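Remarks on the overall topology
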Amino acid sequence: MTRVIEAAGFLLFCRGENPSFLLMKHANRWDLPKGHAEQGESLLQTALRETEEETGIAAESFSVDPEFKFEIEYEVKGNKRGDYLKRVTYFLGYIHMQVAPSLTEHIDFRWFNWPVLGTIQQATIDPLLRAVEIHFGKLAQNNNSSEQQ
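This text gives an overview of the structure that appears in the document. Note that the structure is predicted; figures quoted are calculated from it, not measured.

On inspection of all chains with the given rule, the structure shows 10 salt bridges. As a salt-bridge pair, K34 and D31 come within 2.6 Å of each other at their nearest N and O atoms. Pair check on accessibility: K34 and D31 agree, each one buried. With a shortest N-O distance of 3.8 Å, R87 and E71 are connected by a salt bridge. Of this pair, R87 sits in strand β6 (residues 82-95) while E71 sits in strand β5 (residues 62-79), placing them 16 residues apart in sequence.

Shown next, in the form of C-alpha cells:
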C-alpha cells in the first residue's frame, strides 16, 4: 500500500477591476503556499497556517470561499520522506488588494492576471485554475438565476 501524506494550501484571489491571483516561485516552477498537515489539524487549519507561514498573510486578511475545495494527488519519489502519494487540498481565499508577501520558502512571487491565457504548471496549477474557472462560472450562473427570480 502506498503511503499518503496530506497537505493543504490556498489560492489567494484578488477580485476587482483587474482580478489576479498569487503564485509563489521556486527555483524551477510556480507553486502555491501550502504544506503538510500536522497531527490533529483539519485541512483548512493546515492551509491557513501554511499560508501565513509562507507569505506572512494572516488568515484575517482574506475570506475563505466556503463552496470551493480542490484536491489533487501525485507521486513524490526520492524525497527526504521517501516515496509517497501526496494529496493536496486547495482552498480559495479572497483578498481585497494585492500585497507583497513575506517570503520564507520561495525565491519570488507574482500576482497573475485572471483569466489565465496559456499554461503555468501543467501538473498541479493548471488543473486548479480550471476548477476555479468552473467554480466562478457556477457562481455567475447562480447569481443570474437569483436576479431573475
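This part is about the pairing of β6. The buried fraction of β6 is high, at 11 of 14 residues. Summarising the sheet, strand β1 (residues 4-14) and β6 pair through 11 bridges and their orientation is parallel. Bridging from a neighbouring strand, G9 pairs with Y90 of β6. Bridge count between β5 and β6: 12 bridges; the pairing is antiparallel. Its bridge partner being in β6, Y74 is matched across the sheet by K86. In textbook terms, the turn of a hairpin is the stretch between consecutive antiparallel strands, and for β5 and β6 this stretch comprises two residues.

Rules used throughout
Residues numbered from 1 in each chain as written. Predicted model: local features only at pLDDT ≥ 70, side-chain atom pairs only at ≥ 80, totals over all residues. Heavy atoms only, no water. Salt bridge = Lys/Arg side-chain N within 4 Å of Asp/Glu carboxyl O. Buried < 20%, exposed > 50% of the residue type's maximum accessible area, 1.4 Å probe, protein only. Helix = DSSP H or I, 4+ residues; strand = E, 2+ residues; numbered from the N terminus. Pairing = 2+ DSSP bridges.

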